[in-house]
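Chain residues, written in single-letter form:
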Amino acid sequence: QVQLVESGGGLVQPGGSLRLSCAASGTIFSLYLVSWYRQAPGEQREPVAIITTGGVPHYADSVKGRFTISRDNAENMVYLQMNSLKPEDTAVYYCNAQHPTSGYNYWGQGTQVTVSS
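Remember, predicted model here, so these are calculated numbers, not experimental data.

Draft legend 1. Examining the pairing of strand 3 (residues 18–25) more closely. Here five bridges tie strand 1 (residues 3–7) to strand 3, and the two strands are oriented antiparallel to one another. By the bridge assignment for strand 3, Glu 6 is matched with Cys 22. As defined by bridge partners, strand 3 adjoins strand 8 (residues 77–82) across six bridges and the pair is classed as antiparallel. By the bridge assignment, Arg 19 is partnered in strand 8 with Gln 81.

Draft legend 2. Seen up close, the packing of aromatic side chains. Inspection of every chain in the model, using the stated rule, returns three aromatic pairs. Ring plane angle 85° and centroid distance 6.4 Å describe the contact between Tyr 94 and Trp 107, whose orientation is recorded as edge-to-face. Residue Tyr 94 is located in strand 9 (residues 91–98), and its partner Trp 107 is located in strand 10 (residues 105–107); the two are separated by 13 residues in the primary sequence. On the basis of relative accessible area, Trp 107 is assigned to the partly exposed category, the value being 37%. Among the aromatic residues, those joined into a cluster by ring pairs are Tyr 37, Tyr 94 and Trp 107. Across from the ring centre of Tyr 79, 3.9 Å away, lies the NZ or CZ of Arg 19, which sits over that ring.

Conventions adopted
Just so you know, the residues in each chain are numbered from 1, in the order the chain's sequence is written. Note on the predicted model: pLDDT of at least 70 is required for a residue's local features to be given, and 80 or more for side-chain atom pairs to be given and counted; whole-chain, interface and lining totals, by contrast, use all residues. As a convention, hydrogens and water are excluded, and side-chain values are obtained from all of the structure's heavy atoms. Pairing between strands requires that DSSP locate at least two bridges from one strand to the other. Secondary structure elements are defined from DSSP: runs of H or I of at least 4 residues count as helices, runs of E of at least 2 residues count as strands, and each element is numbered from the N terminus. Aromatic contacts are taken between Phe, Tyr and Trp rings whose centres are within 6.5 Å, Trp giving its six-membered ring; a plane angle under 30 degrees counts as stacked, one over 60 as edge-to-face, and the others as tilted. Under the scheme applied here, a residue whose accessible area is under 20% of the maximum for its type counts as buried, over 50% as exposed, and between as partly exposed, the area being computed with a 1.4 Å probe on protein chains only. Should the NZ of a Lys or the CZ of an Arg lie within 6 Å of a ring centre and within 35 degrees of the ring normal, that charge is described as sitting over the ring.

Here it is as C-alpha cells:
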C-alpha cells in the first residue's frame, strides 16, 4: 500500500517562502511521476508542478519562476520550494504519485498553505 504524507505548510506573509515535503512509503518512489496539486476554497483542484521519473520538472504558468519541484529518490521524497508567495497561492496542497504504465494513482492528505499579511 502506497502512502504519501505532506508536510511544511503554514501561514506566511506575501513575498515569503515555504518548502513543502512529500514522503512516500510502501513503494519504489522513483518509478512514479509525482505532482503537486492545490485546491483553494470553492475551486477545483489544479496541478501546480510535476516531476518525471527522470527528474524533469514542469510547472503551471501561475507558478513558473517562483516554485521549484525536486525529488530525492534515495529518500523517497519530493519537495516543492515556493518563493515569492502571493495571497492567491493560498490553498490546500496535495502530493500525487502516478505510475506511468499501470496508471495507479495515490494522493496524500494535503497540507494547508495560507499567504496573508
